[in-house]
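Each chain is listed here by its residues.
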Amino acid sequence: MSPESVSRREAEVLTLLEEHLSNAEVARRLHISVRTVENHVSSLLRKYGVADRRALVAIARRAPDAPSLVGQVAGSPTWRTGFTGRAHERDAVLALLQPRRLVTLAGPGGVGKTRLAAVVAEAAAPDFPRGGAFVDLVPVRDGQVAGAVARALGVSESPGQSLEDAVACALGQARRLLILDNCEHVLDSAAALADRVLSHCPGVTVLATSRERLGVPGERVVPISPLPLASDAEALFADRAAAVDPGFAAEPAIVAEICARLDGMPLAIELAAARCASLGADGLLAALDDTLRLLTGSRHPDERHRSLRAVIGWSHDLLGDDERALFPRLAVFAGAFDLDAACRVAPFAPPGAVADVLGRLVDKSLVVRGREAGSWRLLETVHAYALDRLAASGDLDSVQDLYLQWAAETAQALAEHLDGQWRDRFDAVCDDLRAALRNAPPGPGTLQHRLARSLGHLTYARCLVSESLEHFKEAARRAPTASATAADLRTAAQVVFAVGLAHGAFDLLVESAAHAEAGGDQRARAIALAHAVVTAGRFTSGFPDPVPRPRLRELLDQAATIGDPGDPVVAAHLAAATAWCLRRAQAAPDPSLAETAVAAARATGDPVLISAAMDAPGTLAIHAGRFRQAYRIARERLGLVDLMDRRHPASAAEILDSFHNAWLCAFASGDLLAALSTAERITHDDLLGAHPYRSAGKLIPPLVLLGRFDEALEHAQPMWDAWRRSGMPIASWLSPAASAIALAHGLRRDDSAYRLWRARAERALGTGTLAPSSDSVVFTAFVDARVAVETGAVEDATALVSRTFAGTPTNWPAAYARAAGAELAVLAGLPDADRRLAAAAEASGENEWAAACLARACGRLHGTAALQESLRGWSRIDARFEREHTSRLLRT
């Protein structure tokens, strides 16, 4: 197929598929609809003649001339005016743009750093085939730099992953350019992010603009000075003056004097040139002279800043009354604003008048058009000046009150319409919504509470889960009533599950119950207490130390005393809490109580409550080793996920747990294709798939056991690198994935790679000693036994077979381990081989892979019939390598 048959947009989609982005993530990155992405993917599948998107990923990776987003820097600003001068600085910066290097353009405000960075990005495009991002940090505050970069890259946070890690994962290993513009007010945060990116992304170059160096090791600083006089400064003035007055003409000496008075500062020159049409060059010089004399008392240590401030002040003094009234009020906006927002902070003028004044302020270079149609913004230095004017006028507090009201109403309107086209609108105003909350009067208040709560919902729906948690906690602090505080704390607890810290949810729920009691809301108190009990009982792995059972019984008794059993929702929560409040140190709920909880939940019709209740019988089935029954329950829970409101935090725990259980039960029962299908759904899920290594950990084991080694190995090193970038937390579920990669290498007879990944599997479990019967240790024993069978290494067979039988028959890896151990016992001629075969048969009934392996082991003893049965088993589950291995045995 010729490259010409692929459109540019299809090429862009193909490039992003290589990053394993979901259709929704591709749509957000390219600012198109999900349906459009689906159409492009279908077209690519047809044009390349392949069956699935994995094949498209392979095509994108192996073709050196594959279509790509060459040099596209997302968010790079554009200008309608030409670029003057700076050839030396541009070339110097281009020469410094090396991988893993930070280059900082340092200079005073208004000197032209942003414009130069954009020009450099355009010129450097051929050197950055995977493009990059241009991030304006002007509206950003400390702690939000990573979020701003993540939005520019189109990535989001997910459970167990910080925004910094999401950024590093999105940038990856490819050659990319990240531009951080205007870092001076967030210097520490910008420096920390740049340092992390450069440490973990070997192909990335960071270009920063700032009034001072960032202080990152290895940073190369390029000082950006004012334009040289008698050349570039005058050329810029002439160009901008001609733009506002095509007939502009002036004596070169006068233009040179104007530029000299302005110290060659580009912004000052542009502001002055904008007045040429009305004043002419002579009048401009005279007015400028008067204004400069007036402002010579400035104490700013940088004389060039005094000149710049003088020009802005002079431009302000030439404004009409209506322009002076609106201009300083615009300083409350942290980012771009639209006409409606401007009108809200200037209620004294109708929209038509505000629009007219905005147009005139644009003509005078005090306001510039935003990147989105119908939006405006203030340049940084102009913004600072306008804010000073607003504070000096005595109107700052009243305008900030109007700003807060606008922000609260805007956020609430967006949060109430999350089923529409809200994302782009939220991204456009999110910095201002945050700023309005940050600058709101301290203490509780209706407006600040509405804003914080709405921001919590918006950021959660935007997959900024850690930020969402902080907003709901802030809402609780700002709430005007105890009942509202209780509600916000309970929602915060629901968000915690998306972050991955169940013990934090327990504490928030108990606190929520206390506030509900103070507010006289006994229903909310009962629900919060019951939810806390269920959290402690269901999600024990999320607690450093288990909550004592007497404490849980006390909370349940309180909930039962005050809860109305006639209320279906309360009854469902109480039934679930009763099932999970175990009276003894047992691992699963009582069966009869579990069924009661399910019946109570079904009476509510709430898919979240039904799914939560169904986890009890599902857990019982898992602990009993009835994985097929558990998988049937898990599939029903997955069906309920489709009925949940994914944009609300109440669904978080059930979405995460339902997918995990569905994958585990499918894998434990040997239904590897179902496990792989579930893993792929996890990969493409907005809440789950963005995690840097968890989704890969689900994909790898079924791929390996199906014999699809190349596909598994594609995920291996990126998974490991992402785990290391995340700080290498103890990850018990990462260990089986690493062991599976070791198995793939072992079956291919690559001993060094096998040993490397075996060591990595142990490293993922931390430094503590695990019991020989733990799931991860048993799965590792399975890997070792299967490799020993393949290579014929039977010297240590006795000890290795014992390891495969160390766990209980109901543990999820037991069927795999015992089947492989029994086959090794037969191959090694161990005297207890028959006993091992019989013991393995007890565990293999729930696992198709283990049954086929066990049949092959019997075939080694009893001949062709059992081997043919094994071959049929491998064919049923499409285990390619094992089928071929068994075929070889039949041929010998």
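Residues numbered from 1 in each chain as written. Predicted model: local features only at pLDDT ≥ 70, side-chain atom pairs only at ≥ 80, totals over all residues. Heavy atoms only, no water.

Let us now look at the sheet that holds strand E9 (residues 375–377). Taken together, the three strands give an open sheet; going across it, the order is E7-E9-E8, and neighbouring strands pair in antiparallel fashion. Of all strands in the sheet, those bounded by a partner on one side alone are strand E7 (337–338) and strand E8 (368–369). Bridge count between E8 and E9: two bridges; the pairing is antiparallel. Within the sheet, the bridge partner assigned to Val-368 lies in E9 and is Arg-377. (Pairing = 2+ DSSP bridges. Helix = DSSP H or I, 4+ residues; strand = E, 2+ residues; numbered from the N terminus.)

Within the fold, Asn-847 resides in the loop between helix H40 (833–844) and helix H41 (848–862). Residue classification places Asn-847 among the buried positions, given a relative accessible area of 0%. In contact with Asn-847, other than residues within four places in its own chain, are Arg-628, Phe-667, Ala-668, Ser-669, Gly-670, Ala-815 and Tyr-816. (Buried < 20%, exposed > 50% of the residue type's maximum accessible area, 1.4 Å probe, protein only. Contact = heavy atoms within 4.5 Å.)

As a further point, take the sheet that holds strand E1 (residues 73–74). Reading across from one edge, E1-E3-E4-E5-E2-E6 is the order of the six strands in this open sheet, with parallel pairing throughout. Looking along the sheet, the strands with just one partner apiece sit at the ends: E1 and strand E6 (220–223). Pairing analysis gives two bridges linking E1 to strand E3 (residues 132–136), with the strands arranged parallel. From the neighbouring strand, Val-73 faces E3, where its bridge partner is Gly-132. Strands E1, strand E2 (101–106), E3, strand E4 (176–181) and strand E5 (204–210) of the sheet are contacted by helix H6 (residues 113–123), whose axis makes an angle of about 160° with E5. Lying over the sheet, helix H7 (residues 145–153) contacts E1, E3 and E4, oriented at roughly 135° with respect to E3. (Axes fitted to C-alpha atoms, helices over the stretch in contact; angles between N-to-C directions.)

So, about the environment of Gln-868. Among the secondary structure elements, Gln-868 is positioned in helix H42 (residues 864–877). The partly exposed category is assigned to Gln-868, whose relative accessible area is 38%.

Below, the discussion takes up the pairing of E5. In terms of residue burial, E5 counts as a mostly covered element, since seven of its seven residues are buried. Covered by surrounding structure in E5 are Val-204, Val-206, Ala-208 and Ser-210 together with Thr-205, Leu-207 and Thr-209, the residues of both alternating faces. Viewed along the sheet, the connection from E4 through helix H9 (residues 187–200) into E5 turns out right-handed. (Right-handed = clockwise from strand over helix to strand, strands pointing away.)

This part is about helix H23 (residues 482–499). With 18 residues, H23 should reach 26 Å at 1.5 Å per residue; the first-to-last C-alpha distance of 26 Å fits that figure. With 14 of 18 residues buried, H23 is to be regarded as a mostly interior element. Phi turns positive one or two residues past the end of H23, at Gly-500, with a value near 105°. (Expected span 1.5 Å × (residues − 1).)

Following the criterion strictly, the structure yields 21 aromatic pairs and no others. Ring geometry for Phe-779 versus Phe-782: centroids 5.5 Å apart, planes at 50°, classification tilted. Here Phe-779 pairs with Phe-782, and both are found in helix H37 (residues 775–791), just three residues apart, close to one helical turn. Of the two residues, Phe-779 and Phe-782, neither departs from the other in class, the shared state being buried. We note Arg-635 situated over the ring of Tyr-631; from NZ or CZ to the ring centre the distance is 4.6 Å. The cationic tip of Arg-836 hangs over the ring face of Phe-805; the distance from NZ or CZ to the ring centre is 4.7 Å. (Phe/Tyr/Trp six-rings, centres within 6.5 Å; stacked < 30°, edge-to-face > 60°. Lys NZ or Arg CZ within 6 Å of the ring centre and 35° of its normal.)

All right, on to the packing of helix H39 (residues 814–828) against H41 then. Relative to each other, H39 and H41 sit at 10°, their axes nearing to 9 Å. What the angle tells us is that H39 and H41 run roughly parallel. Packed against H39, whose contacting residues are Ala-815, Tyr-816, Ala-819, Ala-820, Ala-822, Glu-823, Val-826 and Leu-827, the element H41 presents Trp-849, Ala-850, Cys-853, Leu-854, Arg-856, Ala-857, Arg-860 and Leu-861 at the interface. (Parallel < 35°, antiparallel > 145°, perpendicular 65-115°, else oblique.)

This paragraph deals with the pairing of E4. Within a regular beta strand, the side chains point alternately toward one face of the sheet and then the other, so they alternate between its two faces. The element E4 is extensively covered by neighbouring structure, given that six of its six residues are classed as buried. Because side chains alternate across E4, one face comprises the buried residues Arg-176, Leu-178 and Leu-180, and the other comprises Leu-177, Ile-179 and Asp-181, equally buried. Strand direction decides the pairing type here: E3 and E4, joined by five bridges, are parallel. Looking at the pairing, Val-135 lines up with Leu-180 of E4. Strand direction decides the pairing type here: E4 and E5, joined by five bridges, are parallel. Within E5, the residue paired with Leu-177 across the bridge is Thr-205.

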